[in-house]
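In case you want the letters, here they are:
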Amino acid sequence: MGDFNVDLLKVNGDAGHGNYTLFEECLFRNGFAPVISIPTHERPNCKPSCIDNILTNDPGNCVLSGCITDRIGDHAPTFEFTDIEFEVGPKKKKVPTATLR
């Protein structure tokens, strides 16, 4: 978890954005992928950017992700819905134990 402020719209874009590409390559090498790929930050007289990222190490379970278009400020709220199954096993019994020395 973190606030990287890396514009993923610049990845593989214009020349001179090598650090953005390196950031994304680092994510992929470590098993993470972004689930937001649309602009999340917009201001008048500025180019839209995707700096509010959600990263996952299980993109196959991402059911839905995106941005909420109603904005209070310059940043759009982002969200992700994930399909996760939890295994519930039998409760372990507590067995009295004694330590002999």
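A quick note: this is a predicted structure, and the numbers were derived from the prediction, not measured.

## A short note on the nonpolar core
- In terms of nonpolar packing, the biggest core is built from 11 residues, these being Val6, Leu8, Val11, Phe23, Leu27, Val35, Ile36, Cys50, Ile54, Cys67 and Ala76.
- Beyond its immediate stretch of four places on either side in the chain, Val35 contacts Ile54, Thr56, Cys62, Ser65 and Glu80.

## Considerations on helix α1 (residues 18–29)
- Between its first and last C-alpha, α1 extends 16 Å over 12 residues, near the 16 Å set by a 1.5 Å rise per residue.
- Considered for burial, the residues of α1 that qualify are Thr21, Phe23, Glu24 and Leu27. Relative to the axis of α1, the buried residues are bounded by an arc of 155° and lie together on one face. Turned more than 90 degrees away from the buried face of α1 sit Asn19 and Arg29, all of them exposed.
- Backbone geometry just downstream of α1 places Gly31 in the positive-phi region, at approximately 85°.

Parameters and conventions
- Residues numbered from 1 in each chain as written.
- Predicted model: local features only at pLDDT ≥ 70, side-chain atom pairs only at ≥ 80, totals over all residues.
- Heavy atoms only, no water.
- Core = buried A, V, L, I, M, F, W, Y, C linked by side-chain atoms within 4.5 Å.
- Buried < 20%, exposed > 50% of the residue type's maximum accessible area, 1.4 Å probe, protein only.
- Contact = heavy atoms within 4.5 Å.
- Helix = DSSP H or I, 4+ residues; strand = E, 2+ residues; numbered from the N terminus.
- Expected span 1.5 Å × (residues − 1).
- Arc of directions from axis to C-beta.

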